[in-house]
Amino acid sequence: MKINNIHQDLKELYKAKASVKSIFGAVFEHEDEIKRCMNIFRSGFWSVAPFAFETYETYGIQLQPNKSLKESNAVLGDENGFMTTSNNLSGFIPFGQLEMLRNPKFIKYILDDCNLLEELSLAFREYTDNLDSLNFLKEYLRHPEKIALLKNPSEKYSKVYLDFWNHYNNTPEQHAFSTLMQKMEADPSYLPEFEAKDYGTWNTRAYHAMAQRAYSKIDVDKVVQFENYNFESIIQPHGFDSVAYSFDILPSAIMATNALSGIIALFDSNPDLNFNYSPQIAKHPLFSATEHLRINKKTYDGTEHIKAAKIIDEELNNPVLAWNALVTAGYWSGVNYKEPNMEAWQAAIDLAKKHNWTAIHEILTDQLAFYDFYKNKI
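Below is a summary of the structure that appears in this document.

What counts and how
- Residues numbered from 1 in each chain as written.
- Predicted model: local features only at pLDDT ≥ 70, side-chain atom pairs only at ≥ 80, totals over all residues.
- Heavy atoms only, no water.
- Pairing = 2+ DSSP bridges.
- Helix = DSSP H or I, 4+ residues; strand = E, 2+ residues; numbered from the N terminus.
- Axes fitted to C-alpha atoms, helices over the stretch in contact; angles between N-to-C directions.
- Phe/Tyr/Trp six-rings, centres within 6.5 Å; stacked < 30°, edge-to-face > 60°.
- Buried < 20%, exposed > 50% of the residue type's maximum accessible area, 1.4 Å probe, protein only.
- Lys NZ or Arg CZ within 6 Å of the ring centre and 35° of its normal.
- Core = buried A, V, L, I, M, F, W, Y, C linked by side-chain atoms within 4.5 Å.
- Contact = heavy atoms within 4.5 Å.
- Salt bridge = Lys/Arg side-chain N within 4 Å of Asp/Glu carboxyl O.
- Polar contact = N/O pair within 3.5 Å; in protein donor to acceptor, adjacent residues only side chain to side chain.

**Section: the sheet that holds strand β3 (residues 74-78)**
Piece 1. The sheet built from four strands is open, its strands ordered β1-β2-β3-β4 with antiparallel pairing. What marks the edges here is a single partner per strand, and that holds for β1 (48-53) and β4 (81-86). Across the sheet, the mean angle from the axis of one strand to that of its neighbour is 35 degrees, orientation sign disregarded.
Piece 2. Relative to β4, β3 is paired through five bridges, and the arrangement is antiparallel. Opposite Asp78, over in β4, you have Gly81 as the bridge partner.

Right under this line is the structure:
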């Protein structure tokens, strides 16, 4: 039984090809793929479409209603959480090579295997409609000044990382994110005036970072001045690009389930803080859901987020935010009960059908059939 169409297609394309693991750093077919995917779905990550497998972690597409399937974020992780690795599926190969460049010895290997990489990736590049996806990587590794940066990646890798992201994701949103994170890293007191804006691929990470910076600046008498940063962070889909106490341009690989606890703490009834949220925040459906999460963090199963999603879709006419609420419902059911909230999964299928998110509807339906087939077998 297939997991989803993307994985099935790639598995067929690479079924008879050797050297996939050594060149790509991952494979499209794995002896433990069923078990791995079942662990991911049991942990509430039905919103990830697995397509490739590293030694310990799994690559997937983060299903995003405002993007086509192949243009949605590629993520890497396991049942504990996922981290963004590229802004779309075609970036899987060049960004995989970028990860290898953390180790200087791999520069020579990549250069020596450049023709094999080109040949082996052709089927993938054709599948993703991006034949030129390796050009920047090849040019970069033939440039003496760029190679010099990679000789000591512990000091210069952030520069290399940004070079790749600003090329492969050359958008105003990407440059806004880069500027934001560099300013926050350089100045421990920097926090921009709140503005509801789109940081594209890095939306979740940007708002988590700003909420953490706001949290560090809390004045017991002026908590309300930071509520927008906090609320925008908490309504992002949980389980992705989990926040860690760092403002480095490089994302943290830490995916602990308590990674959001610092943000959730802003909703706590701390007697030293005057938590008088504005009516605009307090009346939002996700405020009530977050209150239930705060109070019942160890037993929460996502039910209130499912209720909020229905209101957000039907009354606020914001289906993407409704989707994010359902993703969050799935996450917390996985954290606390190690099984998916089936009501959230079905609600996501219904939402996708209602709004004609055809590709997402197909993925969700296929993965539900996969889960149902193996849930009593694995």
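**Focus: the packing of aromatic side chains**
Piece 1. Taken as a whole and assessed by the stated rule, the structure comprises 36 aromatic pairs.
Piece 2. Ring plane angle 80 degrees and centroid distance 4.8 Å describe the contact between Tyr59 and Phe92, whose orientation is recorded as edge-to-face. Here Phe92 lies in helix α4 (residues 92-100) and Tyr59 lies in strand β2 (residues 58-62), a separation of 33 residues in the sequence. With respect to class, Tyr59 is no different from Phe92; both count as buried.
Piece 3. Ring geometry for Tyr331 against Trp332: centres 5.1 Å apart, planes inclined by 80 degrees, an arrangement best described as edge-to-face. Trp332 carries the same exposure label as Tyr331, and that label is buried.
Piece 4. Taken together, the ring pairs connect Phe95, Phe136, Tyr140, Tyr157, Tyr161, Phe164, Trp165, Tyr168, Phe177 and Trp202 into an aromatic cluster.
Piece 5. Here the basic side chain of Lys17 rests over the ring of Tyr14, its NZ or CZ set 5.9 Å away from the ring centre.
Piece 6. The lysine or arginine in question, Lys70, covers the ring of Tyr127, its NZ or CZ lying 3.9 Å from the ring centre.

**Considerations on the environment of Asn80**
Piece 1. Along the polypeptide, Asn80 turns up in the loop between β3 and β4.
Piece 2. Considering only alpha carbons, one finds Asn80 and Gly334, 254 residues apart in sequence, at a separation of 8.8 Å.

**Examining the nonpolar core**
Piece 1. Counting residues in hydrophobic clusters, the biggest one holds 109 residues, and the most contacted among them are Phe28, Phe51, Phe164 and Trp323.
Piece 2. Looking at this core, the element that brings in the most residues is helix α17 (residues 319-337), giving ten residues.
Piece 3. Dropping the residues within four chain positions of it, Trp323 is found in contact with Trp46, Ser47, Leu63, Pro65, Ala348, Leu351, Trp357, Ile360 and Leu364.

**Some points on the pattern of salt bridges**
Pairing between side chains of opposite charge can happen when the charged atoms of each approach one another.
Piece 1. All chains considered together, the criterion is met by 14 salt bridges.
Piece 2. A salt bridge links Asp163 to Lys159; its shortest N-O distance comes to 2.9 Å. You can see Asp163 and its partner Lys159 sitting in helix α9 (residues 153-168), four residues apart, about one turn around the helix.
Piece 3. Judged by its relative accessible area of 41%, Lys159 falls in the partly exposed class.
Piece 4. For the salt bridge of Glu304 with Lys307, the shortest nitrogen-to-oxygen distance reads 3.2 Å. Placement of both Glu304 and Lys307 in helix α16 (residues 303-314) is noted, with a separation of three residues, approximately one turn of the helix.
Piece 5. Here Glu304 falls in the buried class, since its relative accessible area comes to 18%.

**Notes on the side chain of Ser133**
Piece 1. By the secondary structure assignment, Ser133 is in the loop between α6 (114-127) and α7 (135-140).
Piece 2. Owing to a relative accessible area of 4%, Ser133 belongs among the buried residues under this scheme.
Piece 3. Excluding residues that lie within four positions of it along the chain, Ser133 makes contacts with Ser90, Pro94, Arg125 and Tyr168.

**Focus: the side chain of Asn324**
Piece 1. For Asn324, the position within the fold is in helix α17.
Piece 2. Aside from chain neighbours lying at most four places away, what touches Asn324 is Ile235 and Pro237.

**Quick word on the environment of Ser189**
Piece 1. Tracing the sequence through the fold places Ser189 in the loop between α10 (172-186) and α11 (203-216).
Piece 2. Exposure remark for Ser189: the relative accessible area of 43% places this residue in the partly exposed category.
Piece 3. Residues Ser189 and Arg213 lie 24 residues apart in sequence; the distance between their C-alpha atoms is 7.7 Å.
Piece 4. Apart from the residues lying within four places of it in its own chain, the contact partners of Ser189 are Arg213 and Lys217.
Piece 5. A polar contact of 2.8 Å, which involves the side chain of Ser189, links it to the side chain of Asp187.

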